[in-house]
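# Topology and contacts: notes
What follows is the residue order along each chain.
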Amino acid sequence: DVKVTQSSRYLVKRTGEKVFLECVQDMDHENMFWYRQDPGLGLRLIYFSYDVKMKEKGDIPEGYSVSREKKERFSLILESASTNQTSMYLCASSPWGALFQQYFGPGTRLTVT
Amino acid sequence: SQQGEEDPQALSIQEGENATMNCSYKTSINNLQWYRQNSGRGLVHLILIRSNEREKHSGRLRVTLDTSKKSSSLLITASRAADTASYFCATRESSGTYKYIFGTGTRLKVLA
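What counts, and at which threshold
Residues numbered from 1 in each chain as written. Chains lettered and ligands numbered in written order. Predicted model: local features only at pLDDT ≥ 70, side-chain atom pairs only at ≥ 80, totals over all residues. Heavy atoms only, no water. Salt bridge = Lys/Arg side-chain N within 4 Å of Asp/Glu carboxyl O. Buried < 20%, exposed > 50% of the residue type's maximum accessible area, 1.4 Å probe, protein only. Core = buried A, V, L, I, M, F, W, Y, C linked by side-chain atoms within 4.5 Å. Helix = DSSP H or I, 4+ residues; strand = E, 2+ residues; numbered from the N terminus. Contact = heavy atoms within 4.5 Å. Disulfide = S-S within 2.5 Å. Pairing = 2+ DSSP bridges. Axes fitted to C-alpha atoms, helices over the stretch in contact; angles between N-to-C directions.

Moving on to the pattern of salt bridges. Residues and elements named next belong to chain A. Taken as a whole and judged by the stated rule, the model has eleven salt bridges over all chains. We note a salt bridge from D38 to R44, for which the minimum N-O separation is 2.8 Å. Under the relative-accessibility criterion, D38 is labelled buried at 12%. Residue class for R44 comes out partly exposed when judged on its relative accessible area of 24%. One salt-bridge network, held together by shared partners, links D28, E30 and K71.

What follows is the structure, given as structure tokens:
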């Protein structure tokens, strides 16, 4: 079974803090994604990575950066957390050439106070 | 409005009944998928239907696609309490983008 794990299920941070969300997948997938999920807005793509050190901006990259130094790990970084970044963050991975086959992690519910 | 919009937003039915939810989208698509999300968890892929397909079945799930109306429906037959979840459609535009656009979801509650 494909496993996508996220470092925390719940996280509470203060405004202005630098926040790291980690995602690890164990199926040697080339593609990895970070989404945020908000009520009434569905899932929105923040960043996509198709290989180590390669990334593409999604629909809402402002205020976020990413890092992919190893194939299995994709990190989302909030450089200076703000209250409007309070959300559920979902990581996903998929094999090369099979974008539709996305496997999701359990999510991290981040609260910024 | 968004590329994928589900209808209704919420649905409550009795166990054993069928549940139908709909998804509308705006642009030409390559394929459409349905996902399930249990409360506070990640999404689980249910079924994919390609743009040249009209209907697909998987167990108690039946998906239809009408590209002329830019809409899809997901039917869950003989529903169970364990089907209680949110259901999302996701579309990939035929322009070749890597992005999938997710709808806002239908919250299904199946009462035992």
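Past the structure itself, the notes keep going.
Bringing the nonpolar core into the picture now. The biggest cluster of nonpolar side chains holds 21 residues, and the ones touching the most others in it are M21, L32, W34, L74, I76, Y87 and L108 of chain B. Among the secondary structure elements, those contributing two or more residues to this core are β3 (19–24), β4 (29–37), β5 (43–50), β7 (61–66), β8 (71–76), β9 (85–93) and β11 (106–111) of chain B. Beyond its immediate stretch of four places on either side in the chain, Y87 of chain B contacts E6, M21, Y35, R36, L46, L74, I76, G105, T106 and L108 of chain B. Counting 20 residues, the second largest nonpolar core, distinct from the first, contains V66, F74, L76 and A81 of chain A.

What follows covers the state of the cysteines. Counted under the stated rule, the structure contains two disulfides over all chains. At a sulfur-sulfur separation of 1.8 Å, the disulfide partner of C23 of chain A is C91 of chain A. Taking the torsion about the S-S bond as the criterion, the C23 of chain A to C91 of chain A disulfide, at about -75°, is left-handed. With C23 of chain A in strand β3 (residues 19–25) and C91 of chain A in strand β9 (residues 87–94), this residue pair connects regions lying 68 residues apart in the sequence. Paired by a disulfide, C23 of chain B and C89 of chain B hold their sulfur atoms 2.0 Å apart. Note on the C23 of chain B and C89 of chain B pair: the S-S dihedral is about 65°, so by sign convention the disulfide is right-handed. With a gap of 66 residues between them, C23 of chain B in strand β3 and C89 of chain B in strand β9 connect regions that are remote in the sequence. Neither residue differs from the other here; C23 of chain B and C89 of chain B are each classed as buried.

Next up on the list: the sheet that holds β3 of chain A. Residues and elements named next belong to chain A. Ordered by their spatial adjacency, four strands build an open sheet running β1-β3-β8-β7, and the pairing between neighbours is antiparallel. Edge positions in the sheet fall to β1 (4–6) and β7 (64–70), since each of these pairs with one other strand and no more. This sheet shows a mean twist of 20° between the axes of neighbouring strands, independent of strand direction. Pairing of β7 with strand β8 (residues 73–78) involves five bridges; the strand directions are antiparallel. Residue pairing in the sheet places Y64 in a bridge with L78 of β8.

Spatial relationships are all this shows, so hold off on functional conclusions.
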